[in-house]
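Here's the letter readout for the chains.
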Amino acid sequence: MSVVYPSMVESPIHDSTAIAGLSLQGVSRPEPVQGVVKAIQRAATARRAPRDLPTTTRGRLELALARHAPGLADRLVRRTVAARITAGDLDAAPLAAGMLRRHRDAAG
């Protein structure tokens, strides 16, 4: 079985998350739908099904980092989230309230 890993493909679901204050802008780079389609085609036509298929070179690097250096990947994600919290990007998101509280309690 193959799994296709796009970072983010812009779709109507992102409108609702942006309204909820949880936009992925600045966190994930939008990837073209064509890359996802090509990855699915590669999986479907491969002689032996590939395990994981990122849709871009950057996605391939991110997946390798997560798989082979999970501690580093964790630190990068934590730093990105902390920067978004510090910038106030998540202040209007009720779903992020617990995370904001824990982050501020730990810093304070």
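Because the structure is a prediction, the values reported are computed rather than measured. (Residues numbered from 1 in each chain as written. Predicted model: local features only at pLDDT ≥ 70, side-chain atom pairs only at ≥ 80, totals over all residues. Heavy atoms only, no water.)

Considerations on the overall build of the protein chain
Next up, step 1: Within the protein chain, the secondary structure is distributed over five helices and two strands.
Next up, step 2: Secondary structure elements of the protein chain, listed N to C terminal, follow the sequence β-α-α-β-α-α-α.
Next up, step 3: At 17 Å, the protein chain has a C-alpha radius of gyration far larger than the 13 Å of a compact globule built from 108 residues.
Next up, step 4: The buried share of the protein chain, reckoned over its 108 residues, is 21%.
Next up, step 5: A separation threshold of at least 6 residues defines the contact pool for the protein chain, and within that pool the share at least 24 residues apart is 51%.
Next up, step 6: Here the protein chain contributes 16 positively and 9 negatively charged side chains, and the mean placements of these two sets differ by 10 Å. (Helix = DSSP H or I, 4+ residues; strand = E, 2+ residues; numbered from the N terminus. Rg over C-alpha atoms; globule rule 2.2 N^0.38 Å. Buried < 20%, exposed > 50% of the residue type's maximum accessible area, 1.4 Å probe, protein only. Contact = heavy atoms within 4.5 Å. Lys, Arg positive; Asp, Glu negative; His and termini not counted. Charge placed at Lys NZ, Arg CZ, Asp CG, Glu CD.)

Focus on the packing of helix H4 (residues 70–86) against helix H5 (residues 97–107)
Next up, step 1: Two elements in contact, H4 and H5, have axes whose closest approach is 11 Å; the angle formed by their N-to-C orientations is 95°. Between H4 and H5, the interaxial angle falls into the category roughly perpendicular. Here H4 contributes Val 81, Ala 82 and Ile 85 to the contact with H5, which in turn contributes Met 99, Leu 100, His 103 and Arg 104.
Next up, step 2: Tallied by class, the residues present in the contact of H4 with H5 amount to five nonpolar, one polar and one charged. (Axes fitted to C-alpha atoms, helices over the stretch in contact; angles between N-to-C directions. Parallel < 35°, antiparallel > 145°, perpendicular 65-115°, else oblique. Nonpolar A, V, L, I, M, F, W, Y, C, P; charged D, E, K, R; others polar.)

A few points about H4
Next up, step 1: For H4, built from 17 residues, the straight-helix expectation of 24 Å at 1.5 Å per residue is met to within 8% by its first-to-last C-alpha distance of 24 Å.
Next up, step 2: Here H4 has its buried residues at Ala 73, Arg 84 and Ile 85. Looking straight down H4, one finds that the buried residues subtend no more than 110° of arc, so they occupy a single side. With respect to the buried face of H4, the exposed residues turned more than 90 degrees away are Arg 75, Arg 78, Arg 79 and Thr 86.
Next up, step 3: Along its buried surface, H4 packs onto helix H3 (57–68) and H5.
Next up, step 4: Immediately downstream of H4, the backbone of Gly 88 shows phi near 80°, a positive value. (Expected span 1.5 Å × (residues − 1). Arc of directions from axis to C-beta.)

Considering the nonpolar core
Next up, step 1: Residues Ile 85, Leu 90, Ala 93, Ala 96 and Leu 100 constitute the largest nonpolar core, which totals five residues.
Next up, step 2: In contact with Ala 96, other than residues within four places in its own chain, are Leu 22 and Leu 90. (Core = buried A, V, L, I, M, F, W, Y, C linked by side-chain atoms within 4.5 Å.)

Side note on the environment of Asp 91
Next up, step 1: Mapped onto the fold, Asp 91 is located in the loop between H4 and H5.
Next up, step 2: We classify Asp 91 as partly exposed; its relative accessible area is 47%.
Next up, step 3: Asp 91 sits 38 residues away from Leu 53 along the chain, and the two C-alpha atoms are 34 Å apart.
Next up, step 4: Ignoring anything within four residues of it in the chain, the contact list for Asp 91 reads Leu 100 and Arg 104.
Next up, step 5: Polar side-chain contacts of Asp 91 include one of 2.9 Å to the side chain of Arg 104. (Polar contact = N/O pair within 3.5 Å; in protein donor to acceptor, adjacent residues only side chain to side chain.)

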